[in-house]
Amino acid sequence: MDPVIKINPGGSKWDIRQKVWDYIEEKNLANFPRPVHNRIPNFKGAFAACAKVLELQAFIHTSEVKVDPDKPLEGARLAVLQARKTLLVPTPRLRTGLFNRITPPEGASKEQLRICSSSQGVKDFSVPVGLDAKIKIDLMVVGSVAVSEKGFRIGKGEGFADLEYGMMASMGAVNESTVVVTVVHDCQVMDIPEDLMGSHDLTVDYILTPTRVIKTDCQLPKPCGIIWNKLDTEKLQKIPILKKLRALEEQAGKDVTLGAAPVAAEAGLHASQPKRQTRRRLRPNTQQDAEGESSQDSRLEKRIAGEPKARQHLTRMNKESRGDGKAGNEQEIGKTIKGKSRGNTKEQVPEEGGNEVKSQRKLHLSVTTVYLGGIPAGLRVSELKTALREREATPLRLTWQGAQHRAFLDYSDPHSADQALEALQGLALNGHSLQAELAKSQRGGRKSGQSSRRPKPAAAPKSEVSAPDSSEPCADLNPDKFYND
């Protein structure tokens, strides 16, 4: 099968990533979360592709399987649990350790196993695995942005898959016999030049797509351990477990000299860092928005100014919803404002210090709205608020349209909205399943660098919520820095 995405001669990893993300968005090949830029794409057909892991002899004979926490790999996690094998999942961004063991309830049903394989289940049913644990991983499943039939892999650019493998190799949890599998859409399989691959890059043995199982027979070796000179002190501060591994390897007499922080990390942006441009919206060109305005730079300044207060306020709300906040705020998310039409109510959270209007002016460019449909007749807004608190999906603002069987939830930024969407998957109230997804104007088709401004409240129709300018999660990480997969 000929690749549908062609790579320009001399193209970089970031050129390839951008081509894949743009193609998947333009062809509408992805499910939630959208847009796919700066993510491992959750492509349509991912569940069917994941199911093909059952066909691999390596899977049949394995007992412990590590699967990354990416959304498109949920089907692979479910397959491992249904086969009653040990499932290991890396901790998010390696902040609290290397990986967790997922432990479903005894005698778990298929539905319970499905929940355990979701991101929320990974959080609720996991047990941390220590560095001294004797673990031998026979097979691991990783996500990819692009991959070649020769086994060359490109991730989303943060280097966690490569670093995780190096850490597991240092622990003795993996070796040359460990089988590495990736799951992608057919369009993500392309010709990747070998000269783009580094000594730290993880290669794959099998590629699973909705239509094919590809054995790569990759000739490049996998990392034998952590390459310390590709890391610096900043990386060690962000990933505490690296400090422990470094101390152990230093005691064993290995060279653990760290590399110097690259100039790009201190100077900020330069032309060879399209990832940072995508996430920070610092592209040199400007684009006209829906209201005919331009100047992305001015919008960026407003957004950056508003984000810190939004995050602090959301944190305060979550604490209050759990009963940790001040007594005066325990029972309500915020003020209740009656809408112009009957049955349309906004639950709005007042800002600290009485600067509500000013704060909203700062926040509206980064607020991301979630649509919640299928609300059953007779459900009270207080019941929905309780369910949101229980799932730790409390919004900044709630627009209640019970008569139309829907509600709109505003979150401070796209990352908070993504977390809420994950938490709300499978939500059922009064025996009815609710549908949670991004509001219409924020779904699909939008590439990095494009925007959709949120209209002024007075002009916004009650039945539709417009999306603010969207940025991607994990914007604090530098591209092509250290382990760049």
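This is a predicted model, so every value here is computed, not measured. (Residues numbered from 1 in each chain as written. Predicted model: local features only at pLDDT ≥ 70, side-chain atom pairs only at ≥ 80, totals over all residues. Heavy atoms only, no water.)

**Student:** Please clarify how the overall build of the protein chain should be interpreted in this entry.
**Tutor:** Across its full length, the protein chain holds 15 helices and 18 strands. Counting every position in the protein chain, which comprises 485 residues, the buried fraction comes to 54%. The long-range share in the protein chain, meaning contacts at least 24 apart out of those at least 6 apart in sequence, stands at 69%. With an accessible surface of roughly 22000 Å², the protein chain has 49% of that area assigned to carbon and sulfur atoms. (Helix = DSSP H or I, 4+ residues; strand = E, 2+ residues; numbered from the N terminus. Buried < 20%, exposed > 50% of the residue type's maximum accessible area, 1.4 Å probe, protein only. Contact = heavy atoms within 4.5 Å. Areas by Shrake-Rupley, 256 points an atom, 1.4 Å probe, with all protein chains shown as cover.)

**Student:** For this particular structure, what's the right way to read the sheet that holds strand β2 (residues 86-90)?
**Tutor:** Strand order across the open sheet formed by eight strands is β4-β3-β2-β1-β5-β8-β9-β10, with mixed pairing between neighbours. The open sheet terminates on both sides in strands that have one partner only, identified here as β4 (126-129) and β10 (213-215). Each neighbouring strand pair of the sheet contributes to a mean axis angle of 25°, computed without reference to strand direction. Pairing geometry for strand β5 (residues 139-142) and strand β8 (residues 179-183), over four bridges, is parallel. Looking at β8, one finds that valine 141 is bridged to valine 181. (Pairing = 2+ DSSP bridges. Axes fitted to C-alpha atoms, helices over the stretch in contact; angles between N-to-C directions.)

**Student:** I would appreciate a short explanation of helix α14 (residues 381-390) in the present structure.
**Tutor:** Each α-helix turn comprises 3.6 residues. Residues three or four places apart therefore point the same way. Those residues of α14 that sit buried are Leu384, Lys385, Ala387, Leu388 and Arg389. Remark: glutamate 392 follows α14 within two positions and exhibits a positive phi of approximately 55°.

**Student:** What's the story with the side chain of glutamate 64 in this structure? I'm lost.
**Tutor:** Mapping glutamate 64 onto the fold places it in strand β1 (residues 64-67). Of the side chains with opposite charge, arginine 101 comes closest to the buried, unpaired glutamate 64, at an N-O distance of 4.5 Å. Here glutamate 64 is in contact with Thr86, Ile135, Lys136, Ile137, Asp138 and Leu139, once residues within four sequence places are set aside. (Lys, Arg positive; Asp, Glu negative; His and termini not counted. Salt bridge = Lys/Arg side-chain N within 4 Å of Asp/Glu carboxyl O.)

**Student:** Just to check I follow, could you spell out the environment of arginine 77 for this structure?
**Tutor:** Take arginine 77: it is sitting in helix α4 (residues 74-82). In this structure arginine 77 comes out as buried when scored by relative accessible area, which is 1%. Once the C-alpha coordinates of arginine 77 and arginine 114 are considered, the two residues, 37 residues apart in sequence, prove to be 8.7 Å apart. Among residues more than four places away in sequence, those in contact with arginine 77 are Val67, Asp68, Pro69, Asp70, Leu87, Val89, Ser117 and Val122. At a separation of 2.8 Å, a polar atom in the side chain of arginine 77 contacts the main-chain carbonyl oxygen of aspartate 68. (Polar contact = N/O pair within 3.5 Å; in protein donor to acceptor, adjacent residues only side chain to side chain.)

**Student:** Please clarify how the environment of arginine 114 should be interpreted in this entry.
**Tutor:** Structurally, arginine 114 is set in helix α5 (residues 110-117). In this structure arginine 114 comes out as partly exposed when scored by relative accessible area, which is 33%. A C-alpha to C-alpha distance of 9.3 Å links arginine 114 and alanine 79, two positions 35 residues apart in sequence. Non-local contacts of arginine 114, meaning those with residues more than four positions away in its chain, are made with Glu74 and Leu78.

**Student:** How do you make sense of the packing of aromatic side chains when you look at a structure like this?
**Tutor:** What describes a pair of aromatic rings is the distance from one ring centre to the other and the angle between the planes of the rings. What the rule picks out here adds up to two aromatic pairs. With a centroid separation of 6.0 Å and an interplanar angle of 55°, the aromatic rings of tryptophan 14 and tryptophan 21 are classed as tilted. Side by side, tryptophan 14 and tryptophan 21 carry an identical accessibility label, which is buried. Between tyrosine 371 and phenylalanine 408, the aromatic rings sit 5.7 Å apart at their centres with planes inclined by 55°, giving tilted as the arrangement. Here the residue tyrosine 371 occupies a position in strand β13 (residues 368-373), and phenylalanine 408 occupies one in strand β15 (residues 406-411), the gap between them amounting to 37 residues. Accessibility classification places tyrosine 371 together with phenylalanine 408 in one group, the buried group. The ring of tryptophan 14 is capped by arginine 17, whose NZ or CZ atom sits 4.4 Å from the centre of that ring. In this arrangement the basic side chain of lysine 85 is found over the ring face of phenylalanine 59, its NZ or CZ atom lying 5.2 Å from the centre. (Phe/Tyr/Trp six-rings, centres within 6.5 Å; stacked < 30°, edge-to-face > 60°. Lys NZ or Arg CZ within 6 Å of the ring centre and 35° of its normal.)

**Student:** Please clarify how the pattern of salt bridges should be interpreted in this entry.
**Tutor:** Where side chains of opposite charge bring their charged atoms close, a pairing between them can arise. One pass over the structure, following the stated rule, counts 14 salt bridges. For glutamate 149, the salt bridge is made with arginine 212, and the minimal N-O distance between the two is 3.2 Å. Separated by 63 residues along the polypeptide, glutamate 149 in the loop between β6 (146-147) and β7 (153-154) and arginine 212 in the loop between β9 (206-208) and β10 bring together distant segments of the chain. Given a relative accessible area of 38%, glutamate 149 falls into the partly exposed group. Across the pair aspartate 217 and lysine 215 runs a salt bridge, and its minimum N-O distance is 2.7 Å.

**Student:** In this structure, what is going on with the packing of helix α7 (residues 160-171) against helix α9 (residues 240-251)? I would like to understand it.
**Tutor:** Each pair of packed helices gets described by two things: the angle between the helix axes and the distance between those axes. Running from N to C, α7 and α9 cross one another at 40°; their axes reach a closest spacing of 11 Å. Between α7 and α9, the crossing angle belongs to the class labelled oblique. When the axes of α7 and α9 are compared, the crossing they make is left-handed. Where α7 abuts α9, its residues Leu163, Met167, Ser170 and Met171 lie against Ile241, Leu242, Leu245 and Glu249. (Parallel < 35°, antiparallel > 145°, perpendicular 65-115°, else oblique. Left-handed = near helix turned anticlockwise from the far one by under 90°.)

**Student:** Mind showing me how you'd approach the environment of leucine 438 here?
**Tutor:** Within the fold, leucine 438 resides in strand β18 (residues 435-438). Look at leucine 438 and you get buried, because its relative accessible area is 8%. Residues leucine 438 and leucine 409, spaced 29 residues apart in sequence, show a C-alpha to C-alpha distance of 9.5 Å.

Bear in mind that shape data such as this cannot, by itself, settle questions of function.
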